Amino acid sequence: MSFELVAPSSDEMAARIARTLERTPWLVAEVDGVVRGYAYAGRHRERPAYDWTAETTVYVDEAFLGRGLGRALMSALLDRLRRQGFHLAVAGITLPNPGSVGLHAALGFRRVGEFEAIGWKNGGWHGVDWYALELGPRSEAPSPIVPVGELRDDP
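Along each chain, the written sequence defines residue order, and numbers are assigned to residues from 1. The predicted origin of the model limits local features to residues at a pLDDT of at least 70 and limits the giving and counting of side-chain atom pairs to 80 or more, whereas totals for whole chains, interfaces and linings rest on all residues. Based on all heavy atoms of the structure, the side-chain values leave hydrogens and waters out of the count.

(A) Quick peek at the overall build of the chain. When you go through the chain residue by residue, the secondary structure sums to 3 helices and 6 strands. Listing each helix as α and each strand as β along the chain from the N terminus yields α-β-β-β-α-β-α-β-β. For a compact globule of 155 residues, the expected C-alpha radius of gyration is about 15 Å, and the chain comes in at 16 Å, within 12% of that figure. Expressed as lengths along the three principal axes of its C-alpha atoms, the size of the chain is roughly 45 × 40 × 30 Å. Only protein chains enter the accessibility calculation, which uses a 1.4 Å probe; a residue is then buried when its area is under 20% of its type maximum, exposed when over 50%, and partly exposed in between. Burial status across the chain gives 35% buried among its 155 residues. Whether two residues touch is decided by their heavy atoms; if any such pair falls within 4.5 Å, the residues are in contact. Contacts spanning at least 24 positions in sequence make up 61% of the contacts within the chain whose residues lie at least 6 apart. With the model as given, the accessible surface of the chain reaches about 9600 Å², and the carbon-plus-sulfur share is 52%. Secondary structure is summarised from DSSP: a helix means a run of H or I of at least four residues, a strand means a run of E of at least two, and numbering begins at the N terminus for each. Our radius of gyration is a C-alpha quantity, and the globule rule it is checked against amounts to 2.2 Å times the number of residues to the power 0.38. For the area figures, the Shrake-Rupley method with a 1.4 Å probe applies, and any residue is considered shielded solely by the protein chains shown.

The structure is reproduced here in structure tokens:
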């Protein structure tokens, strides 16, 4: 579940995608020419100390759940984040969502905590579980992140 209260317009979505692509990936899965899923990463926080942490999001059309689109999108996203030099990927999962929890666990994410009742939507409070995945070994001095548009050999 998204915490959007009103669906964003196509112009707003285009602007969000453009802002995201300045630094991090936004991937789309199409089936028969129709978007059926997407995954993207963005900044976890604005302060420079967080530059090596990416917050991930994945969405799959309800009619296509359980067909591997989410796993394919997230696997491709995590590959790009590794190649960019990110150290940590984090994901917030609105509860309950056993499918997303299972997907993230299968990809190696581990649960690190919960914000209980953090958002109000559809007449109730919802908590968010947080998951994290270290994308590579910890280094003493990480290199700057490579913007997604500068990745070499990226299809």
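Structure shown, so let's carry the discussion forward.
(B) A look at the sheet that holds strand 4 (residues 88–94). The strand order across the open sheet built from 6 strands is 1-2-3-4-6-5, with neighbouring strands paired in mixed fashion. The open sheet has two edge strands with one neighbour each: strand 1 (26–31) and strand 5 (110–121). The average undirected angle you get between the axes of adjacent strands in this sheet is 25°. In this description, strands pair whenever DSSP reports at least two bridges between them. For strand 2 (residues 34–43) and strand 3 (residues 53–60), the ladder comprises 7 bridges, and the chain directions are antiparallel. Each residue of the ladder has a partner; that of A39, found in strand 3, is V58. Sheet strands in contact with helix 2 (residues 69–84) are strand 1, strand 2, strand 3, strand 4 and strand 6 (124–134), and its direction is about 160° off that of strand 3. The angle between two axes is taken between their N-to-C directions and runs from 0 to 180 degrees, where each axis is a line fitted to C-alpha atoms and a helix contributes only its stretch in contact.

(C) Expanded view of the pairing of strand 5. Here strand 5 pairs with strand 6 via 8 bridges, running antiparallel. Bridge pairing links R111 to Y131 in strand 6. If you look at the hairpin formed by strand 5 and strand 6, you'll find 2 residues sitting between the two strands, and N122 has a positive phi there, around 55°.

(D) Quick peek at the nonpolar core. Core analysis: the largest hydrophobic core is formed by 24 residues, its most contacted members being M74, L77, L78, L81, F109 and L135. Elements supplying a minimum of two residues to this core: strand 1, strand 2, strand 3, helix 2, strand 4 and strand 6. Broken down by element, the residue count for this core peaks at 6 residues, all from helix 2. If we skip the residues at most four places from it in the chain, L78 touches A89, L107, F109, L133 and L135. We call a set of buried residues a nonpolar core when its members are Ala, Val, Leu, Ile, Met, Phe, Trp, Tyr or Cys and they connect through side-chain atoms within 4.5 Å of each other.

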